[in-house]
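Remarks on the overall topology
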Amino acid sequence: MTPQPAATLREAQRWADLASGLSNPNPHVGCLIKAPDGRTIGQGHTQQAGGPHAEVMALRDAQAHGESVQGATAYVTLEPCSHHGRTPPCCDALIAAGIERVIVATQDPNPQVAGQGLACLRAAGIEVELLPPDSEPARASRELNIGFFSRMIRGTPWVRMKMATSLDGTSALQNGESQWITGPAARADGHAWRARACAVLTGIGTVLEDDPMLDVREVSVQRQPHLVIVDSRLETPLDARLFSSPAQGLRREIWIYTASDDAGRRIALEQRGATVIALPGPGEPGQRKVDLHAMLHDLARREVNELHLEAGHKLNGSFIREGLLDECLIYVAPRLLGPGQGLAGFGPLQSLSDGVQMKFQSVEPVGDDLRVLARVVGRDAFLHP
């Protein structure tokens with residue numbers, strides 16, 4: 001009995017979920033292979049960059065269990081690649097294995113693929129079915145890969161701003177104290193969101209005040225997100241903790257964006273292992289800030305899909321003011337803290353209609369706290385062809 005494509009692709013999507021945070025900067029893809037009698041004989045998901053993709057993992061799984069894939073159907077959450085990148089084309093692997101039919105949830109936005117994978121399979125005589133873009137599996141695949149789609153279509157990462165606040169909107173006391181507003185469950189959950197990002201970004205203010213590591217410690221990972229510092233004057237201390245080896249001994253890149261032309265500081269920071277990138281915005285020398293628009297495009301060129309922003313209210317405000325924010329991840333603690341720092345310093349606005357309109361994606365309890373995921377209205381338009 002032939003299984004329903006949508007139901008099987010939902011199962012493949014669960015495998016794709018396992019690649020979240022692992023396969024960056026590659027998309028998170030799952031694949032199931034069904035025998036002609038409807039049995040699942042192979043399954044897999046994309047591995048770390050440079051490792052096998054989902055289709056190859058599913059073919060290997062079938063082989064490991066002594067199953068023949070001749071005449072089988074492959075269900076893939078994203079169009080199989082047709083070009084040589086870090087690995088050979090998945091289309092070639094499916095063709096060589098004798099797969100008879102391929103059902104795909106959604107098309108790959110990468111210009112090097114973008115329909116060419118489907119055409120390659122059809123040219124080899126394989127029956128190909130692409131689900132409608134408004135189908136549930138297609139939407140789920142694009143949503144899981146929102147950063148990859150953003151980088152490929154917009155040329156910038158998906159910017160998610162993470163914040164912790166009291167019930168009355170205070171993110172830090174007037175004296176700067178902010179650890180810890182939320183409980184351990186929320187902190188662990190925040191690390192899981194760090195882990196899924198390609199890079200974590202903060203500002204020099206946070207570096208100087210908190211001396212953070214900004215690595216993933218609360219959950220087990222096989223890769224650490226890269227670290228991005230916005231440091232207009234190159235004030236990052238050479239003995240900052242961020243230069244220490246991240247948790248779990250995993251390597252990461254450190255990119256410091258600046259508006260300074262201080263060659264001595266640049267050399268000193270690069271000797272500590274950082275890459276210093278000068279992207280000054282307009283203004284008089286010595287007063288310039290980092291051009292955040294240019295920085296996002298540069299991060300996309302460095303293959304950053306999701307950018308996880310953990311900064312203070314000033315840099316948060318800059319991202320909002322310049323229209324660069326895509327989504328907020330806010331942990332709300334059930335306590336009142338009174339006057340202090342807010343979530344983001346922008347405005348003041350002259351009218352309520354000037355505010356940033358957002359829509360709730362989810363509101364869920366995490367331990368004693370509340371996790372709110374809210375998206376700026378219209379920022380995900382590229383996901384809906």
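Here, every reference points to the structure presented above.
Read on for a plain summary of the structure. (Residues numbered from 1 in each chain as written. Predicted model: local features only at pLDDT ≥ 70, side-chain atom pairs only at ≥ 80, totals over all residues. Heavy atoms only, no water.)

**Digging into the state of the cysteines**
Counted only if it meets this: For the purposes of this analysis, a disulfide is any pair of cysteine sulfur atoms at a distance within 2.5 Å. Burial classification: accessible surface area is computed with a 1.4 Å probe over protein chains only, and a residue below 20% of its type maximum counts as buried, one above 50% as exposed, and the rest as partly exposed.
Under the defined criterion, the tally for this structure stands at zero disulfides. Cysteine Cys 31 is unpaired, with the sulfur of Cys 90 as its nearest cysteine sulfur at 8.7 Å. For Cys 90, which is in no disulfide, the shortest distance to another cysteine sulfur is to Cys 81 and amounts to 3.6 Å. Among the residues examined, Cys 90 registers a relative accessible area of 1% and is labelled buried.

**A closer look at the sheet that holds strand 4 (residues 101-104)**
Working definition: the strands of a sheet are paired by backbone hydrogen bonds and lie parallel or antiparallel to each other. Stated precisely, the cut-off is as follows: Should DSSP find at least two bridges between two strands, the strands are regarded as paired. Counting from the N terminus, the helices are DSSP H or I runs at least four residues long and the strands are E runs at least two residues long. The axes used here are C-alpha line fits, helices contributing only the stretch in contact, and every angle between their N-to-C directions lies in the interval 0 to 180 degrees.
Here five strands make up an open sheet; going across it, the order is 2-1-3-4-5 and the pairing mixed. Of all the strands in the sheet, just strand 2 (40-45) and strand 5 (127-130) have a single pairing partner and so form its edges. Between one strand and the next, the sheet's axes are offset by a mean angle of 15°, whatever the strand orientation. Inspection of the sheet shows strand 3 (residues 73-76) paired to strand 4 by four bridges, in the parallel sense. Of the residues in strand 4, the one forming a bridge with Val 76 is Val 104.

**With respect to the packing of aromatic side chains**
Threshold: Note on aromatic pairs: the rings of Phe, Tyr and Trp (six-membered ring only in Trp) are paired at centre separations within 6.5 Å, and the planes decide the class, stacked below 30 degrees, edge-to-face beyond 60, tilted for the rest. Each ring is checked for a lysine NZ or an arginine CZ that lies within 6 Å of its centre and within 35 degrees of its normal; such an atom marks a charge sitting over the ring.
Enumeration according to the criterion identifies two aromatic pairs in this entry. Centre to centre, the rings of Phe 148 and Phe 149 are 6.5 Å apart; their planes meet at 80°, and the pair counts as edge-to-face. Both residues of the pair, Phe 148 and Phe 149, count as buried. Plain terms: the ring middles of Trp 158 and Phe 382 are 5.9 Å apart, the flat faces sit at 65° to each other, and that makes the pair edge-to-face. Of this pair, Trp 158 sits in strand 6 (residues 158-166) while Phe 382 sits in the segment after strand 16 (369-376), and the two are 224 residues apart along the sequence. In this structure, Trp 158 and Phe 382 share a single accessibility class: buried. Above the ring of Trp 255, the side-chain terminus of Arg 302 is found at 5.6 Å from the ring centroid.

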